[in-house]
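Summary of the model geometry
Here's the letter readout for the chains.
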Amino acid sequence: LGEASSTHLLDLLEEPIPGVGTYDDFHTIDWVREKCKDRERHRKINSKKKESAWEFTKTLAGVIDIVADWMNDLKEGVCLSAMWFNHEQCCWDSNETTFAERDKCPQWKTWAELILGQAEGPGSYIMNYFMFTFWALSFAFLAVSLVKVFAPYACGSGIPEVITYIDQTSSSNRFYLILEFLDNVHGLSLGKEGPLVHVACCCGNIFSYLFPKYSKNEAKKREVLSAASAAGVSVAFGAPIGGVLFSLEEVSYYFPLKTLWRSFFAALVAAFVLRSINPFGNSRLVLFYVEYHTPWYLFELFPFILLGVFGGLWGAFFIRANIAWCRRRKSTRFGKYPVLEVITVAAITAIVAFPNPYTRQNTSELIKELFTDCGPLESSQLCQYRSQMNGSQAYSEGSDAAATPGVYSAMWQLSLALVFKIIMTIFTFGLKVPSGLFIPSMAIGAIAGRIVGIAVEQLAYYHHDWFLFREWCEVGADCITPGLYAMVGAAACLGGVTRMTVSLVVIVFELTGGLEYIVPLMAAVMTSKWVGDAFGREGIYEAHIRLNGYPFLDAKEEFTHTTLAREVMRPRRNDPPLAVLTQDDMTLAELQNIISQTSCNGFPVIVSKESQRLVGFALRRDITIAIENARRKQEGIMLNSRVYFTQHAPTLPADSPRPLKLRSILDMSPFTVTDHTPMEIVVDIFRKLGLRQCLVTHNGRLLGIITKKDILRHMAQMANQDPESIMFN
């Protein structure tokens, strides 16, 4: 029988089974297993040319920027000379504008001018008000409708999902790109960086299926997605180095050195393509390029640190308020109607935002105006100083920094805009539309920073003889740059919300070109992180990961409890015995019965029920696929066929049906710990090795199993939370 069976049996070691080694949708992947598969692949292709998917770039982001700017300006008017131009592009070739009205041009027509034929008066104001609200509601309705009907996974920031997916969770491969065009045109207090990171990862996921090196290995695919997330930040802000650091600090679970330089190359190519497209129209790569004419002085560290305190307080308040609102929305009937919810918030946003020019304009344009240093060519109300009004004195030759009533009026409008942005961002982030958080957080910080900057500037002008200003501020000279305070405030608020440090500082100075001001940025960002951590150590993305029930082990969170592996493993004291498989004395019917009666994703394989000595571990999905493949390709497989996981078939009676060999799907080296291993070490092993499960033994005998979700439930229990209330989505 042994000789006959060896010639007829399907040897699964020699013929791979299609589908074995893959994962079901939204299941945790095993990094150790994937690394072993990659080493085996390397052995087979040493003499073969290596494939690569790293050269694909993200040109889609430049198109998104252009289309989003055009759709945003469509709320105010259209360009008659070229309908596809936004307001700024429409006025590039205009020679009819005067210096006093250099932000207007005859080619650009507001909706009141087109419909009523007049640009001023109550009727035109009401018409522009109505069209602004109409287009905002139209874009919001289009975005939420597409999300609801076609792409439910495109809602939200996308970064929590990317973090969890890169960490360990498998994907459903439902990726959607077109919805990200609507990320910042519906008037809501949202940004575009989250959707652009999501878009980049969508592209990386799609391209990875073109190469077997990445499509057949989940761990290698995540290296592609780490580089893709770096490229996403690169094209969102024009910050390639910051994008790489963002992927390293915030997104990636596993980031080897080769992924670092590959991510750098991907961000470089993405930034080069973005520069070639020139979506900002200023022939620069960065979104908010600034040039300040004065350095920062030592006494300014105090207001910079105050901005850091404000950023930390705002971040802690926002995270708690937004999470509480999201939980309440899920528990009420209002949250069950996402279209109505988005339309309501968009209507409130548009109605309240239009009267204030600083809330009416695009958030990116607002940040750019707040960052900009006042000069003779600036027409902003924030730059209406006495020296700017007479126009006879060059700005660089010394200036009168006394503010006019226009500046104070702008400060009141900015104060109202600050309150509006704070409230609406809390209630908007988390709606069922593509949404980012970088731009709204930066806008809040930039508004607060500009207000503080103008206040310090006027204080230094009128009290230049104070000991703080006496050494640095001479009479008639500029020593305070309000735009710098806006930049520092933006970094502080963004750091308070995300708790990023190194990558955030690099992103901001790349974003603005302000390399000289790294020290103020570092001081504000670190202060905001310290203040925010005093109220809770998790950032907004970690909070939404926990809110959505994603199985994610945060490497930043420390495990300080003195528990042992036997206290966490399953089965517990009152649980039924652990479902196990024996290596050579089970029938196919018994195996299928175990699979149908349990929901385990895998089963330990032991020598026998008496010895309980561990042989290996077999995944549920692999067993199912192997059985179906054997029945399709082999004859004589019956319910009473013997299933064995050993190298050689067991001795069977002559009239027995053909046995089924499943050794090839058996993991012969499952990770094990003893029952006395401290859970602190177990948690660290799961984090650093990316384990899916770990078997617990005592003197070589199998006792139980610990999965990633068991650890998350145990950590929740240690934090005085109900472990059964945690839902893993």
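Residues numbered from 1 in each chain as written. Predicted model: local features only at pLDDT ≥ 70, side-chain atom pairs only at ≥ 80, totals over all residues. Heavy atoms only, no water.

Moving on, we come to the overall build of the protein. Scanning the protein from terminus to terminus reveals 28 helices and 12 strands. Burial statistics for the protein: of 729 residues in total, 55% are counted as buried. Considering only contacts in the protein between residues 6 or more positions apart, those separated by 24 or more positions represent 75%. Within the structure as shown, the protein displays about 32,600 Å² of accessible surface, and the carbon and sulfur contribution to it stands at 59%. (Helix = DSSP H or I, 4+ residues; strand = E, 2+ residues; numbered from the N terminus. Buried < 20%, exposed > 50% of the residue type's maximum accessible area, 1.4 Å probe, protein only. Contact = heavy atoms within 4.5 Å. Areas by Shrake-Rupley, 256 points an atom, 1.4 Å probe, with all protein chains shown as cover.)

Moving on to the sheet that holds strand β10 (residues 672-674). Remark on secondary structure: sheet strands pair via backbone hydrogen bonds, oriented parallel or antiparallel. Taken together, the 3 strands give an open sheet; going across it, the order is β10-β11-β12, and neighbouring strands pair in mixed fashion. Two strands bound the open sheet, and with one partner strand each, they are β10 and β12 (701-707). Averaged over all adjacent pairs, the angle separating strand axes in this sheet is 35°, with direction ignored. The sheet strands contacting helix α27 (residues 679-689) are β10, β11 (693-698) and β12, and the helix crosses β12 at an angle near 60°. (Pairing = 2+ DSSP bridges. Axes fitted to C-alpha atoms, helices over the stretch in contact; angles between N-to-C directions.)

What follows concerns the nonpolar core. Side chains that are nonpolar tend, in soluble globular proteins, to be buried together. Grouped together as the largest cluster of nonpolar side chains are 95 residues, with contacts concentrated most on F237, F246, F318 and F371. Looking at which domains feed residues into this core, each of domain 1 (60-187 + 194-277) and domain 2 (298-372 + 400-538) gives three or more. Counting residues in hydrophobic clusters, the runner-up holds 22 residues, among them L581, I627, F645 and L666. (Core = buried A, V, L, I, M, F, W, Y, C linked by side-chain atoms within 4.5 Å. Domains from an automatic or database assignment.)

This part takes up the pairing of strand β5 (residues 602-606). Across the 5 residues that make up β5, a large majority, 5, are buried. The alternating pattern of β5 places G602, P604 and I606 and F603 and V605 on opposite faces, both of which are buried. As judged from the 2 bridges shared by strand β3 (residues 581-582) and β5, these two strands associate in the parallel manner. Within β5, the residue paired with T582 across the bridge is I606. Bridging between β5 and strand β6 (residues 614-619) involves 5 bridges; their strand directions are antiparallel. Bridge pairing in β6 links P604 to F617.

Next up on the list: the packing of aromatic side chains. Overall, the coordinates contain 15 aromatic pairs when judged by the stated rule. Site record: aromatic cluster; members linked through ring pairs are W111, F130, F134, W135 and F139. The aromatic ring of F354 is capped on one face by R360, whose charged end is 4.4 Å from the ring centroid. (Phe/Tyr/Trp six-rings, centres within 6.5 Å; stacked < 30°, edge-to-face > 60°. Lys NZ or Arg CZ within 6 Å of the ring centre and 35° of its normal.)

Judged by side-chain polarity, I241, W261, F264, F265 and L268 come together as a nonpolar surface patch covering roughly 510 Å² of accessible area. Note on placement: I241 falls in helix α11 (residues 240-251). (Patch = residues over 30% accessible without salt bridge, like charges linked within 9 Å, V, L, I, M, F, W, Y side chains within 5 Å. Salt bridge = Lys/Arg side-chain N within 4 Å of Asp/Glu carboxyl O.)

Relative to the assigned elements, E542 resides in helix α24 (residues 540-548). We classify E542 as buried; its relative accessible area is 9%. One polar contact links the side chain of E542 to the main-chain amide nitrogen of G539, over a distance of 3.1 Å. Contact partners of E542, with chain neighbours within four places excluded, come to E250, D554 and K556. (Polar contact = N/O pair within 3.5 Å; in protein donor to acceptor, adjacent residues only side chain to side chain.)

In space, the 3 strands of this open sheet follow the order β4-β7-β8, with mixed pairing throughout. The open sheet has two edge strands with one neighbour each: β4 (586-587) and β8 (660-661). Here 2 bridges tie strand β7 (residues 642-644) to β8, and the two strands are oriented parallel to one another. Bridge pairing links V643 to L660 in β8.

Here we take up the pattern of salt bridges. Tallied over the full model, the rule gives 6 salt bridges. The shortest N-O distance in the salt bridge between R329 and E341 comes to 2.7 Å. Separated by 12 residues along the polypeptide, R329 in helix α13 (residues 301-331) and E341 in helix α14 (residues 338-353) bring together distant segments of the chain. The class of E341 is buried, set by a relative accessible area of 2%. Among the ionic pairs, E538 bridges to R546, the shortest N-O distance being 2.3 Å. Take E538: its relative accessible area is 27%, and that puts it in the partly exposed class. Residue class for R546 comes out partly exposed when judged on its relative accessible area of 41%. Several salt bridges share partner residues, and in doing so they unite R499, K529 and D533 into one network.

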